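Summary of the model geometry
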Amino acid sequence: MKKSVFVRIAAAVMAIVLCLCSMSALAGCTKTRSINVLVYGQYIDLDVISNFKKENGIKVNVDECDTPEELYNKAVNGDQSYDLICTSDYIIERFIKENRLAELNFDNIPNIKNIGEVYLEKSKSFDPENKYSVPHFWGTVGVIYNTKMVSEEDAKSWKMFFNEKYSGKIIMSNSIRDSFLVALEALDYSLNTTDKAQIDEAKQLLIKQKSMLKAYLVETEARDAMISGEAAMALVYNGEAYLAIEGDEEQNISGNPDLKFTIPEEGTNFWIDSWIVPAYSSNKADAEAFINYLCGVDAAKKNFEYIYYSTPNQALFDALAPEVQQDEDIFPSREVIDKGEVYHDLGAELDAYYSAAWKEIKS
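Rules behind the numbers
Residues numbered from 1 in each chain as written. Predicted model: local features only at pLDDT ≥ 70, side-chain atom pairs only at ≥ 80, totals over all residues. Heavy atoms only, no water. Helix = DSSP H or I, 4+ residues; strand = E, 2+ residues; numbered from the N terminus. Contact = heavy atoms within 4.5 Å. Areas by Shrake-Rupley, 256 points an atom, 1.4 Å probe, with all protein chains shown as cover. Lys, Arg positive; Asp, Glu negative; His and termini not counted. Charge placed at Lys NZ, Arg CZ, Asp CG, Glu CD. pLDDT = per-residue confidence, 0-100. Phe/Tyr/Trp six-rings, centres within 6.5 Å; stacked < 30°, edge-to-face > 60°. Buried < 20%, exposed > 50% of the residue type's maximum accessible area, 1.4 Å probe, protein only. Axes fitted to C-alpha atoms, helices over the stretch in contact; angles between N-to-C directions. Parallel < 35°, antiparallel > 145°, perpendicular 65-115°, else oblique. Left-handed = near helix turned anticlockwise from the far one by under 90°. Nonpolar A, V, L, I, M, F, W, Y, C, P; charged D, E, K, R; others polar. Patch = residues over 30% accessible without salt bridge, like charges linked within 9 Å, V, L, I, M, F, W, Y side chains within 5 Å. Salt bridge = Lys/Arg side-chain N within 4 Å of Asp/Glu carboxyl O. Expected span 1.5 Å × (residues − 1). Arc of directions from axis to C-beta. Core = buried A, V, L, I, M, F, W, Y, C linked by side-chain atoms within 4.5 Å. Pairing = 2+ DSSP bridges. Polar contact = N/O pair within 3.5 Å; in protein donor to acceptor, adjacent residues only side chain to side chain.

Each helix and strand counted, the chain has 15 helices and nine strands in total. For the chain, the spread of C-alpha atoms along the three principal axes comes to 105 × 45 × 40 Å. Sequence-distant contacts in the chain: of pairs separated by 6 or more residues, those separated by 24 or more amount to 75%. Accessible area for the chain stands at about 16,900 Å²; split by element, carbon and sulfur atoms hold 50% of it. Taking the average place of the 36 positive charges on the side chains of the chain and the average place of its 58 negative ones, the gap between the two points comes to 9 Å.

Have a look at this one:
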C-alpha cells in the first residue's frame, strides 16, 4: 500500500517535471531571434527594420554612434555584443588589419548582385578581396554655403574656411579626419599624409582657425544650422547638403533655397560606408540575412529616400527618375569620384599622433 502510494506520487512528480520541461522547450522554440547592429545615427529607415522582422522573424536592435572613431571604440572596447556593424572605409581597413572581422558567406547574400561594380572595385582600396564588406552608402565631403553670405569665387577653394571675413560664421565637422581634410586640402597635401611636419602644419592652421568658428558640429546639426541661416558655411556630406537645400516633408526638414553645395577645386574625400560582421558575432547567418535584405531594391529605396546619401545599389539607381540620377548633389560626377581620395588607416602610431593633435586643437 505504501509502495503503491509512493509510486503514484513519484509518477505524478515526474509528469509535472516532464510538462515543465516541455513548456520550457516550447518557449525556447518560440523565442524571437535577434541581431545587435552598430551604425551611424539616422542611417536606416525604421520601416526597413520593422519590415525585415515581419518577413524574416528576426528583430534588429540598433545602437548608434556619431563618429567613426567613437564607433570603433564601442565595437572593440564595449561588451562585444554586436552582430553587424556599418562603418567607414578606413575603420574597416583597421578592423581587417587587426583580424577582427568574419569573412562573409555570399551564398547568404545573393542580392550582392544589385551592388554596382564601381563601388565593389573602389571597396578594394580597404577590403582588397571584397571578402569582409558590402557597401551601404557612398559619397563625398564638401561645403554647403549660404549664397547671400559667401561669394561663388570664395566657394571654389577650401581656403574659404580660413578667411577672416567669415569669422563667427564657420561650422566645422566634429571629426578628426574630416576637419583635417579641410586644412590638408587647403595646403595641397594628401588626406592620407604620414608626414608629421605636414600634419603639424595642418594642426597649426586649424588652431588659428578656431577663433573664427561658430562651432564643431556633427552632420545633422550642421545641416540644421545652415537651414536656419545661423552660419555662412559648413563642412558636410553630400546627403545632408541635399536635405538642407531641398528639405524633406516626411522628416519635417524645411529646405533653404539660399544654400548651395560644392566640391572645392582642390579635391575631397570619396567615402564608402559598408556592412561588416565582427569575428565575435554569435548570429552571423542572421546578420548576413539582414545585409541581403538591405541590398534588395525595396529596402535600398526606403533607405535612400530616408537620408538621400548616394546609393551603391545599381538596380535601384537604374529605376530612379532621370532628374534624380543627374542631381550631382546626390550623385557626384565620375570626375569627382576619380579625383577623390579614399581615407586609409594610417596605423596606430599616426592615429595616436592625429588624436593628440586633435585634442590640442579642441582644447
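The next thing to look at is the environment of Ile263. Its location among the elements puts Ile263 in the loop between strand S8 (259-262) and strand S9 (270-276). C-alpha separation for the pair Ile263 and Asp329, spaced 66 residues apart in sequence, amounts to 9.5 Å. The contact partners of Ile263, leaving out residues within four places of it in the chain, are Thr140, Val141, Gly142, Thr268 and Val336.

When pLDDT is averaged along the chain, the result is 91, and 91% of the positions lie at 70 or above. Scored below 50 in pLDDT, residues 1-29 makes zero contacts in the model with residues more than four places away or belonging to other chains.

Taken as a whole and judged by the stated rule, the model has 22 aromatic pairs. Seen in terms of ring centroids, Tyr242 and Tyr308 are 4.8 Å apart; in terms of plane orientation they differ by 40°. Their pairing is tilted. Note that Tyr242 is positioned in helix H9 (residues 238-246) and Tyr308 in the loop between helix H11 (297-307) and helix H12 (314-319), a separation of 66 residues in sequence. As far as burial versus exposure is concerned, Tyr242 and Tyr308 are alike and both buried. For the ring pair Phe304 and Tyr308, a centre distance of 5.3 Å and an interplane angle of 65° mean the geometry is edge-to-face. Classification of Phe304 as buried rests on a relative accessible area of 2%. Using a relative accessible area of 16% as the deciding quantity, one classes Tyr308 as buried.

Attention shifts here to unusual backbone geometry. Phi at Gln80 takes a positive value of approximately 55°, unusual for a residue other than glycine. Residue classification places Gln80 among the partly exposed residues on the basis of a relative accessible area of 36%. The backbone of Asn130 sits at a positive phi, close to 50°, despite the residue not being glycine. Mapped onto the secondary structure, Asn130 falls in the loop between helix H5 (117-123) and strand S4 (134-146).

Our focus in this paragraph is the packing of helix H7 (residues 196-209) against helix H15 (residues 348-362). Orientation of H7 relative to H15, taken along the N-to-C sense of each, is 20°, at an axis distance of 10 Å. Relative to H15, the element H7 is oriented roughly parallel. With respect to the hand of their crossing, H7 and H15 are arranged in right-handed fashion. For the pair formed by H7 and H15, the contact residues are Lys196, Ile199, Asp200, Lys203, Leu206 and Ile207 on the first element and Glu349, Leu350, Tyr353, Tyr354, Ala357, Glu360 and Ile361 on the second. Classifying every residue of the contact of H7 with H15 gives eight nonpolar, no polar and five charged.

A cluster of acidic side chains, namely Glu64, Asp66, Glu70 and Glu221, defines a negative patch on the protein surface. Relative to the helices and strands, Glu64 is located in strand S2 (residues 58-65).

Turning to H15, a few remarks are in order. Compared with an ideal rise of 1.5 Å per residue, which puts 15 residues at 21 Å, H15 spans 21 Å between its outermost C-alpha atoms and is within 8% of the ideal. Leu350, Tyr354, Ala357, Trp358 and Ile361 are the residues of H15 that are buried. An end-on view of H15 places all buried positions within 105° of arc, on one side of the element. Exposed side of H15, more than 90 degrees from the buried face: Ala348, Glu349 and Lys359 are the residues found there. Looking at the buried positions of H15, the neighbouring elements they touch are strand S5 (170-173), helix H6 (176-186), H7 and strand S6 (213-217).

On to the side chain of Ser173, then. Within the fold, Ser173 resides in strand S5. Sequence-distant contacts of Ser173, that is, excluding residues within four places in its chain, are made with Asp178, Ser179, Tyr216, Leu217, Leu235 and Trp358.

Our focus in this paragraph is the nonpolar core. By size, the foremost hydrophobic cluster in this structure holds 118 residues, and its most contacted members are Phe161, Phe180 and Phe290. Dropping the residues within four chain positions of it, Phe180 is found in contact with Ile199, Ala202, Lys203, Leu206, Tyr354, Ala357, Trp358 and Ile361.

Most of S9 is tucked away: seven of the seven residues are buried. Burial along S9 is two-sided: Phe270, Ile272, Ser274 and Ile276 and Trp271, Asp273 and Trp275, pointing in opposite directions, are all buried. Where strand S3 (residues 84-88) meets S9, four bridges bridge the pair, whose relative direction is antiparallel. Across the sheet, Ser88 pairs through a bridge with Asp273, a residue of S9.

Here we take up the environment of Tyr343. Mapped onto the fold, Tyr343 is located in the loop between helix H14 (334-339) and H15. Of the residues examined, Tyr343 reaches a relative accessible area of 3% and is grouped as buried. For the pair Tyr343 and Arg33, spaced 310 residues apart in sequence, the C-alpha to C-alpha distance is 36 Å. If sequence neighbours within four positions are ignored, Tyr343 has contacts with Asp89, Tyr90, Glu93, Arg177, Asp178, Leu181, Leu191, Asn192 and Asn269. There is a polar contact of 3.1 Å between the side chain of Tyr343 and the backbone oxygen of Arg177.

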